[in-house]
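Chain by chain, the residues:
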Amino acid sequence: MYRPWTSEAIRKIESDFHRSADTHLVRLDFPVFPDIQLYLKDESTHPTGSLKHRLARSLFLFGLCNGWINQDTTIIEASSGSTAISEAYFARMLGLPFIAVMPRSTSSAKICQIETYGGQCHFVDNSSQVYTEAQQLAKLHNGHYMDQFTFAERATDWRGNNNIAETIYQQMQAETYPVPSWLVVGAGTGGTSATLGRYIRYRNFNSYLCVVDPENSVFYDYYHQRDLSLTGKTGSAIEGIGRPRVEPSFMPDVVDRMIRVPDAASFAAMRFLEKISGRKYGASSGTNLYGTFQLAADMHRAGQKGSIVTLACDAGERYSDTYYNKAWLSAKGYNIQPYLDQLQRFYDTGQWES
Ligand SMILES: *Cc1c(COP(=O)(O)O)cnc(C)c1O
């Protein structure tokens with residue numbers, strides 16, 4: 001049977017992929033331990049500004065190939081913002097209406113970008129309400145709830161097909177330590193950590209996977225207790241990572257270590273990352289850097305040499321009113337100075353004092 005709309009939709013998504021270049025793997029300046037090298041996979045340079053460009057592409061292809069999306073489908077998503085931006089972009093490409101269900105606290109720059117792509121924003125007061133609200137809206141509009149938190153881990157081709165893990169290992173090939181000792185990521189859907197962890201096993205790499213988790217997220221406790229019913233009352237302050245429930249796409253058994261990172265430490269590390277990379281990234285990239293420094297300190301203490309790869313998930317411009325705004329930080333009661341001092345001391349002397 002010939003399906004002209006579906007085949008054209010898939011062709012459009014594939015063309016977007018062919019127009020795009022790979023994202024850079026940047027070597028971070030880290031002189032204090034010459035035998036430990038740090039790398040940042042800069043996912044902010046995708047056309048829609050974050051690693052969610054990969055996920056949105058995969059979710060649309062998955063929905064199209066499953067027969068869930070056709071020319072009359074309204075697309076609905078529950079999101080903390082980044083996924084909704086990328087999905088709004090693909091929905092517009094296919095000429096489909098798009099509604100994002102998001103916490104009211106979502107940064108205004110993200111809301112603006114969703115609307116620029118023709119998407120509609122629908123707000124809830126608490127981030128734990130996004131799921132049922134999205135389900136209800138899908139029913140009301142006879143639409144399709146993309147459900148990134150369920151499908152992220154399976155919509156991505158974990159064995160390769162240029163997924164984020166495959167490209168990291170390819171880009172590391174000519175480095176002094178081409179197989180990273182550690183990969184460090186946060187978990188929102190958990191899809192990225194699932195892809196990395198599976199790929200490490202599939203290709204039999206001698207790498208460990210560390211997931212960094214912010215305050216008000218249940219992933220850290222779930223990892224240690226394996227209690228699926230854990231819930232949190234407040235949403236994560238770090239947009240993109242940390243969830244108030246155990247998301248189905250989070251795969252704990254491929255994770256080798258979890259590190260809990262205080263929110264103020266993430267904000268401080270985000271600023272410190274700007275200092276050493278020359279670029280502004282979002283707070284989840286700060287969470288990643290904070291965990292990466294801790295692992296570098298551990299490796300040094302154990303006399304190990306090697307490399308650590310982490311991600312810059314999105315750019316800082318989305319957060320100029322919030323994370324990069326000193327008045328916002330103090331109004332929320334965050335004191336980032338002790339963490340800035342800790343990071344600077346580590347960078348200068350190699351001493352990690354917690
Ligand atoms: C989604 C997201 C992450 C985490 O990625 P997952 O694959 O969903 O776990 C990290 N940072 C930002 C900014 C994100 O939007």
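These numbers come from a predicted model, not from an experiment.

Participant: I'd like a description of the overall build of the chain, backed by residues and values.
Facilitator: The number of helices and strands found in the chain is 13 helices and 10 strands. In summary, the chain has a C-alpha radius of gyration of 20 Å against a globular reference of 20 Å for 354 residues, a match within 12%. Projected onto the principal axes, the alpha-carbon positions of the chain cover approximately 65 × 45 × 40 Å. Residues counted as buried form 58% of the 354 residues belonging to the chain. Of note, the chain has its 34 positive side-chain charges centred 1 Å away from the centre of its 36 negative side-chain charges.

Participant: Break down the packing of aromatic side chains for me, with residues and values.
Facilitator: Evaluated as defined, the whole model comprises 31 aromatic pairs. Ring geometry for F60 and F90: centres 6.1 Å apart, planes at 40 degrees, overall tilted. With a gap of 30 residues between them, F60 in helix α2 (residues 52–65) and F90 in helix α3 (residues 82–94) connect regions that are remote in the sequence. Accessibility assignment for this pair places F60 and F90 in one class, buried. With a centroid separation of 5.4 Å and 90 degrees between ring planes, the pair formed by F346 and W352 is classed as edge-to-face. Relative accessible area serves as the criterion here: at 0%, F346 is assigned to the buried category. By the ring-pair criterion, three or more aromatic residues cluster together here, those being F30, F33, F272, Y290, F293, Y339, F346, Y347 and W352. Over the face of the ring belonging to Y223 we find R226, whose NZ or CZ atom lies 5.4 Å from the ring centre. A cation over a ring is seen here: R245 above Y131, with NZ or CZ 3.4 Å from the ring centre.

Participant: Tell me about the site of the ligand, and name the residues and values.
Facilitator: Inspection of the region around the ligand gives 16 residues, with K52, G188, T189, T192 and S284 positioned closest. Contacts to the ligand include T189, whose side-chain N or O atom sits 2.7 Å from an oxygen atom. In this structure, G190 approaches the ligand through a main-chain N or O atom, which is 2.9 Å from an oxygen atom.

Participant: Describe the nonpolar core, naming the residues involved and giving the relevant values.
Facilitator: Soluble globular proteins: nonpolar side chains tend toward being buried together. Judged by nonpolar contacts, the single largest core of 43 residues is most densely connected at F30, F293 and I308. When contributions to this core are tallied by element, the ones reaching two or more residues are β2 (36–42), β7 (182–186), β8 (208–214), β9 (257–261), α10 (263–277), α11 (283–301), β10 (306–312) and α13 (337–349). With nine residues, the top contributor of residues to this core is α10. When near neighbours in sequence (up to four residues on either side) are disregarded, F30 contacts I36, L38, F293, A296, F346 and Y347.

Participant: Mind laying out the domain arrangement of the chain, listing which residues take part and the relevant values?
Facilitator: Looking at the chain, the domain boundaries give domain 1 (7–50 + 158–349) and domain 2 (53–152). One C-alpha centre belongs to domain 1, the other to domain 2, and the line joining them spans 23 Å. When the two sides are added together, the surface that domain 1 and domain 2 hide from each other amounts to roughly 2,800 Å², 53% of it contributed by carbon and sulfur. Summed over the three residues of domain 1 that lose the most area to domain 2, namely I13, T48 and R318, the buried surface amounts to 24% of that side. Between the two partners, domain 1 and domain 2, sit two salt bridges.

Participant: Outline unusual backbone geometry, listing residues and values.
Facilitator: One non-glycine residue, N142, lies in the positive phi region at around 55 degrees. Taking relative accessible area as the criterion, N142 reaches 68% and is therefore assigned exposed. Unusually for a residue other than glycine, N204 sits at a positive phi of about 55 degrees. Relative to the elements of secondary structure, N204 occurs in the loop between α8 (191–202) and β8. Among the residues examined, N204 registers a relative accessible area of 68% and is labelled exposed.

Participant: How would you explain the sheet that holds β9 if you had to name every residue and give the values?
Facilitator: The strand order β1-β2-β10-β7-β8-β9 describes an open sheet built from six strands, whose pairing is mixed. A single partner strand is all that each edge strand has here, and the edge strands are β1 (25–27) and β9. The average undirected angle you get between the axes of adjacent strands in this sheet is 25 degrees.

Participant: Hey, could you go over the sheet that holds strand β4 (residues 98–103) for me, with residue numbers and the actual values?
Facilitator: If you walk across this open sheet you meet the four strands as β5-β4-β3-β6, and the pairing is parallel. Since the sheet does not close on itself, it has two edges, and those belong to β5 (120–124) and β6 (144–145), each with one partner. The pairing of β4 with β5 spans five bridges and is classified as parallel. Within β5, the position partnered with M102 by the bridge is F123. Its contacts with the sheet put α3 on β3 (75–78) and β4, and the angle it makes with β4 is roughly 175 degrees. Lying on the sheet, helix α5 (residues 130–141) is in contact with β3, β4, β5 and β6; it crosses β4 at an angle near 160 degrees.

About the criteria used
Residues numbered from 1 in each chain as written. Predicted model: local features only at pLDDT ≥ 70, side-chain atom pairs only at ≥ 80, totals over all residues. Heavy atoms only, no water. Helix = DSSP H or I, 4+ residues; strand = E, 2+ residues; numbered from the N terminus. Rg over C-alpha atoms; globule rule 2.2 N^0.38 Å. Buried < 20%, exposed > 50% of the residue type's maximum accessible area, 1.4 Å probe, protein only. Lys, Arg positive; Asp, Glu negative; His and termini not counted. Charge placed at Lys NZ, Arg CZ, Asp CG, Glu CD. Phe/Tyr/Trp six-rings, centres within 6.5 Å; stacked < 30°, edge-to-face > 60°. Lys NZ or Arg CZ within 6 Å of the ring centre and 35° of its normal. Near = heavy atom within 4 Å. Polar contact = N/O pair within 3.5 Å; in protein donor to acceptor, adjacent residues only side chain to side chain. Core = buried A, V, L, I, M, F, W, Y, C linked by side-chain atoms within 4.5 Å. Contact = heavy atoms within 4.5 Å. Domains from an automatic or database assignment. Buried area = accessible area lost by both parts, 1.4 Å probe. Salt bridge = Lys/Arg side-chain N within 4 Å of Asp/Glu carboxyl O. Pairing = 2+ DSSP bridges. Axes fitted to C-alpha atoms, helices over the stretch in contact; angles between N-to-C directions.

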